[in-house]
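Structure at a glance
Spelled out from the first residue to the last, the chains are:
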Amino acid sequence: MSRLDSFIRRLEAQRNCLADAASRAKAIPGIVLEFGLGNGRTYDHLREICPGREIYVFDRQVAAHPDCIPPADHLFLGDFTDTLPAALARLGAGSAAFVHVDLGSGDAAASQALASAIAPQVSALMAPGGILVSDQPMPAPGLGTLPLPDGVKPGRYFMATRQ
Ligand code: SAM
């Protein structure tokens, strides 16, 4: 498969998983968390598919399209490992109905290690029944795997729920 096809399939999988998660999370009160602002593509999409929800965003830098920059009071700026403890203190354990983690870089092993390192704190931020969509596997106590939407190849994207 060409790199272009692989990229397109990854984005299709991402969009399908986000749509499925938004629908599953509809009945769960709580905020939305986005780990990995990047150029703001998925943040912008979350604003569209989660109307009325507060969205908090995490990244070490702001390099997004000007239309896709979160308000300063909804942005945790810094390394995830530094901002997660502050987020837990400020937002509270169990506060998130829907979490999207999109942290991948070109270094697959480093991305996987980072996802595993932050998974327990991400899990702690999630409400019971809350939905996690991620670009890496995120093993953590309290997180159970969810089936992927039709057409999403296993391993391309990941979904879990807080038990
Ligand atoms: N979701 C974004 C979009 O659709 O435009 C793309 C996110 S990009 C794949 C990954 C982002 O994660 C980058 O903006 C990078 O700065 C951020 N990131 C990676 N590791 C991080 C870390 N340890 N702490 C904070 N941000 C990190």
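Please read these numbers as outputs of a predicted model, since none were measured by experiment.

1. Quick word on the overall build of the protein chain
Within the protein chain, the secondary structure is distributed over 4 helices and 7 strands. Taken across its 163 residues, the protein chain has 45% of its residues classed as buried. Counted over contacts in the protein chain with a minimum sequence separation of 6, partners at least 24 positions apart contribute 62%. As displayed, the protein chain has an accessible area near 8000 Å², and 54% of this comes from carbon and sulfur atoms.

2. Brief notes about the pattern of salt bridges
Summed over the entire model, instances satisfying the criterion amount to 5 salt bridges. When the shortest N-O distance is used, the salt bridge between D135 and R10 registers 4.0 Å. Taken together, the residues D135 in the loop between strand 5 (126-134) and strand 6 (143-145) and R10 in helix 1 (residues 3-24) connect sequence positions 125 residues apart. Exposure remark for D135: the relative accessible area of 9% places this residue in the buried category. The exposure class of R10 is partly exposed, given its relative accessible area of 25%.

3. Some points on the nonpolar core
Counting 25 residues, the largest nonpolar core has L33, F35, L91, V99, V122, L132 and M138 as its most contacted members. Within the residue set of this core, elements represented by two or more residues are strand 1 (31-35), strand 2 (55-59), helix 3 (80-91), strand 4 (96-101), helix 4 (108-125) and strand 5. When residues of this core are assigned to their parent elements, the largest contribution, 5 residues, is made by helix 4. With near-sequence residues (within four places) excluded, V122 lies in contact with F35, L84, V99, L132 and M138.

4. Focus: helix 3
Quick reminder: α-helices carry 3.6 residues per turn. Residues three or four places apart thus point the same way. Residues F80, T83, L84, A87 and L91 constitute the buried set of helix 3. One side of helix 3 carries all its buried residues, which in axial view fall inside an arc of 110 degrees. Opposite the packed face of helix 3, turned more than 90 degrees from it, sit the exposed residues D82 and A89. Buried-residue contacts for helix 3 involve strand 1, strand 2, strand 3 (75-77) and helix 4. G92 sits one or two residues past helix 3 and shows a positive phi near 95 degrees.

5. Side note on the pairing of strand 2
Within strand 2, 5 of the 5 residues are buried, which leaves it mostly tucked inside the rest of the structure. Here strand 2 shows a buried face lined by I55, V57 and D59 and a second buried face lined by Y56 and F58. The pairing of strand 1 with strand 2 spans 4 bridges and is classified as parallel. Bridge pairing links V32 to I55 in strand 2. Following the chain from strand 1 across helix 2 (residues 41-49) to the adjacent parallel strand 2, one finds a crossover that is right-handed.

6. So, the state of the cysteines
Evaluated as defined, the whole model comprises 0 disulfides. With no disulfide of its own, C17 lies closest to C50 among cysteine sulfurs, the gap being 14 Å.

7. Points about the packing of helix 1 against helix 2
At a closest axis distance of 11 Å, the pairing of helix 1 and helix 2 adopts a crossing angle of 35 degrees. As for how helix 1 packs across helix 2, the hand of that crossing is right-handed. Between helix 1 and helix 2, the residues in contact are Q14, R15, L18, A19 and A22 and T42, H45, L46 and I49, respectively. Partitioning the contact of helix 1 with helix 2 into residue classes produces 5 nonpolar, 3 polar and 1 charged.

8. Looking at a nonpolar patch on the surface
A grouping of L4, F7 and I8 is seen on the molecular surface, where their side chains present a nonpolar patch of about 290 Å² in accessible area. Position of I8 among the secondary structure elements: in helix 1.

Reading the values: rules and limits
- Residues numbered from 1 in each chain as written.
- Predicted model: local features only at pLDDT ≥ 70, side-chain atom pairs only at ≥ 80, totals over all residues.
- Heavy atoms only, no water.
- Helix = DSSP H or I, 4+ residues; strand = E, 2+ residues; numbered from the N terminus.
- Buried < 20%, exposed > 50% of the residue type's maximum accessible area, 1.4 Å probe, protein only.
- Contact = heavy atoms within 4.5 Å.
- Areas by Shrake-Rupley, 256 points an atom, 1.4 Å probe, with all protein chains shown as cover.
- Salt bridge = Lys/Arg side-chain N within 4 Å of Asp/Glu carboxyl O.
- Core = buried A, V, L, I, M, F, W, Y, C linked by side-chain atoms within 4.5 Å.
- Arc of directions from axis to C-beta.
- Pairing = 2+ DSSP bridges.
- Right-handed = clockwise from strand over helix to strand, strands pointing away.
- Disulfide = S-S within 2.5 Å.
- Axes fitted to C-alpha atoms, helices over the stretch in contact; angles between N-to-C directions.
- Left-handed = near helix turned anticlockwise from the far one by under 90°.
- Nonpolar A, V, L, I, M, F, W, Y, C, P; charged D, E, K, R; others polar.
- Patch = residues over 30% accessible without salt bridge, like charges linked within 9 Å, V, L, I, M, F, W, Y side chains within 5 Å.

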